[in-house]
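Per-entry structural report
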Amino acid sequence: MILEGLLKGESKNIEYKSELPRKSERYMKSIIAFANTSGGRLIIGIDDNTRKVVGVHKDSVFQIMDGIANAVSDSCEPQIIPDITFLRIYV
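Quick summary incoming for the structure in this document. (Residues numbered from 1 in each chain as written. Predicted model: local features only at pLDDT ≥ 70, side-chain atom pairs only at ≥ 80, totals over all residues. Heavy atoms only, no water.)

Turning our eyes to something else, we now look at the layout of surface pockets. Quantified by volume, the largest pocket comes out at close to 990 Å³. Along the walls of the largest pocket sit 32 residues, with Leu42, Ile43, Ile44, Thr85 and Phe86 positioned nearest its centre. At the level of secondary structure, the elements contributing two or more residues to the lining of the largest pocket comprise α2 (25-36), β2 (41-44) and α3 (61-75). Across the lining of the largest pocket, the residue classes tally to 22 nonpolar, six polar and four charged. In this structure, the second largest pocket spans a volume of roughly 250 Å³. Looking at the second largest pocket, the residues that line it are Ser18, Glu19, Leu20, Pro21, Arg22, Tyr27, Gly55, Val56, Ser60, Gln63, Ile64 and Gly67. By residue number, the principal contributor to the lining of the second largest pocket is α3, which donates three residues. Class assignment for the residues of the lining of the second largest pocket results in five nonpolar, five polar and two charged. (1 Å grid on protein atoms, 1.4 Å probe; cavity = no way out; pocket = protein on both sides within 12 Å on 5 of 7 lines; lining within 4 Å. Points joined across faces, edges and corners; volume = space filled by probe spheres on them. Helix = DSSP H or I, 4+ residues; strand = E, 2+ residues; numbered from the N terminus. Nonpolar A, V, L, I, M, F, W, Y, C, P; charged D, E, K, R; others polar.)

Shown next, in the form of structure tokens:
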């Protein structure tokens, strides 16, 4: 997905979060909705109001990815296997 596609705005299959919320309930509803429809993307590091790329600190990338994987594993029955990737964007 190229940058222009990322920044089109939120939709039924794109959700922005400037940072990963501490409470997984704040993003798990979106992940479950994506799983029950045609899929979707939860994008961390983009402000949902301004669509500005705010990024995440490079030292927290794997912690964020692990947090999402754990929340999905702990919250979903039947099991959802998310495709979690890291994308470096230069703006």
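Having seen it, we continue.
Right, let's talk about α3 for a bit. With 15 residues, α3 should reach 21 Å at 1.5 Å per residue; the first-to-last C-alpha distance of 21 Å fits that figure. Where α3 is concerned, the buried positions are Val61, Ile64, Met65, Ile68, Ala71 and Val72. Looking straight down α3, one finds that the buried residues subtend no more than 130° of arc, so they occupy a single side. Away from its buried face, by an angle of more than 90 degrees, α3 presents the exposed residues Phe62, Gln63 and Asp74. Its buried side turned inward, α3 meets α2 and β2. (Expected span 1.5 Å × (residues − 1). Buried < 20%, exposed > 50% of the residue type's maximum accessible area, 1.4 Å probe, protein only. Arc of directions from axis to C-beta. Contact = heavy atoms within 4.5 Å.)

Once that is clear, we can look at the pairing of strand β1 (residues 14-17). Across the two faces of β1 the burial is the same, with Ile14 and Tyr16 and Glu15 and Lys17 all buried. Taken together, the four bridges between β1 and β2 define a ladder with parallel strand orientation. Counted as the bridge partner of isoleucine 14 is arginine 41 from β2. A crossover connection joins β1 to the parallel β2 through α2; in handedness this β-α-β unit is right-handed. (Pairing = 2+ DSSP bridges. Right-handed = clockwise from strand over helix to strand, strands pointing away.)

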